[in-house]
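Descriptive structure summary
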Amino acid sequence: MCQNVDFAQFARFIAHVQADGCFSPERDTIRYFNKDIVLINDFRNSVKNCFGLECWAIYAGSTCLHTGFRNKKIIAKFKQYSFDSKNWHVPTFVSAGSADIIAAYLQAFFDDEGSAIFQKRKWGYDRAVQMQSINGSGLMQLAELLSKLGIESNFHGPYKHKYFELKITGKKNLCLFKDKVNFVSKKKRGKLEIAVGTYRE
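Residues numbered from 1 in each chain as written. Predicted model: local features only at pLDDT ≥ 70, side-chain atom pairs only at ≥ 80, totals over all residues. Heavy atoms only, no water.

1. Focus: the side chain of Asn173
Counting through the fold element by element, Asn173 comes out in helix 7 (residues 171–180). Excluding residues within four positions of it along the chain, Asn173 makes contact with Gly150, Ile151, Glu152 and Ile168. (Helix = DSSP H or I, 4+ residues; strand = E, 2+ residues; numbered from the N terminus. Contact = heavy atoms within 4.5 Å.)

Below, the structure written as structure tokens:
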């Protein structure tokens, strides 16, 4: 990392790689995949801010965009972190970090793997922020981070013996999530804004 690194940016970078990235130490590369150009650029900015590196050009695949970088010296420093989809865990510097570091990590993770839910039902509105993962332990660690910001969440699963779910509901919790974490994704941010706006004062 660069000297005087912004640990909130570094937390964002780690979360992006854990959620939608590919860590390949044998090739000295890290790649990041997403359909949203805003999030692709968010990852690229994190790389530039943390390491002073420019990512590769953005490539358009058949289903999503991707970018990344190759640097043997930097990649060697990441062996202490877990990036496997079944076994990733929250880094200690995040769980023991400031509210800004925790919020940055959560925002990147929810941008990549989470969703904002707003649907009109016969009985009213279904409003939530949720995330699904095959890593139940990882989701429980995210729930602990949310609680440090005063946000309550519910953990469910496994469903079909495969995946778990972390769900945030209720006016207080959704408003806190909006104010303290939120999304970079314009689509998800907009849907959350609409959902929260339908609550009565």
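Let us keep going from here.
2. Focus on the environment of Cys50
Here Cys50 shows up in helix 2 (residues 37–51). Distance in space between the C-alpha atoms of Cys50 and Val5 is 5.9 Å, their sequence separation being 45 residues.

3. Comments concerning the sheet that holds strand 1 (residues 21–24)
With respect to topology, four strands assemble into an open sheet ordered 1-2-4-3, the strand pairing being antiparallel. On the outer flanks of this sheet lie strand 1 and strand 3 (59–60), each paired with one strand and no other. The sheet contact formed by strand 1 and strand 2 (residues 29–34) spans four bridges and is antiparallel. Directly across from Cys22, in strand 2, lies its bridge partner Arg31. Across the face of the sheet, helix 1 (residues 7–20) comes into contact with strand 1, strand 2 and strand 4 (65–70) while running at roughly 70 degrees to strand 2. Against the sheet, helix 2 contacts strand 2 and strand 4, and its axis sits at roughly 10 degrees relative to strand 4. (Pairing = 2+ DSSP bridges. Axes fitted to C-alpha atoms, helices over the stretch in contact; angles between N-to-C directions.)

4. Let's talk about the packing of aromatic side chains
With the rule as written, the count across this model stands at 25 aromatic pairs. Ring centres of Phe10 and Phe51 lie 6.4 Å apart, and the angle between their planes is 90 degrees; on these two criteria the pair is classed as edge-to-face. With Phe10 in helix 1 and Phe51 in helix 2, the pair connects residues that are 41 residues apart, well separated along the chain. Phe51 matches Phe10 in its accessibility class, with the two residues each being buried. Taken together through their ring pairs, the aromatic side chains of Phe7, Phe10, Phe13, Phe23, Tyr32, Phe43, Phe51, Phe69, Phe78, Tyr81, Phe83 and Phe93 make up a single cluster. The residue whose ring lies beneath Arg127 is Tyr199, and the NZ or CZ to ring-centre distance is 3.9 Å. (Phe/Tyr/Trp six-rings, centres within 6.5 Å; stacked < 30°, edge-to-face > 60°. Buried < 20%, exposed > 50% of the residue type's maximum accessible area, 1.4 Å probe, protein only. Lys NZ or Arg CZ within 6 Å of the ring centre and 35° of its normal.)

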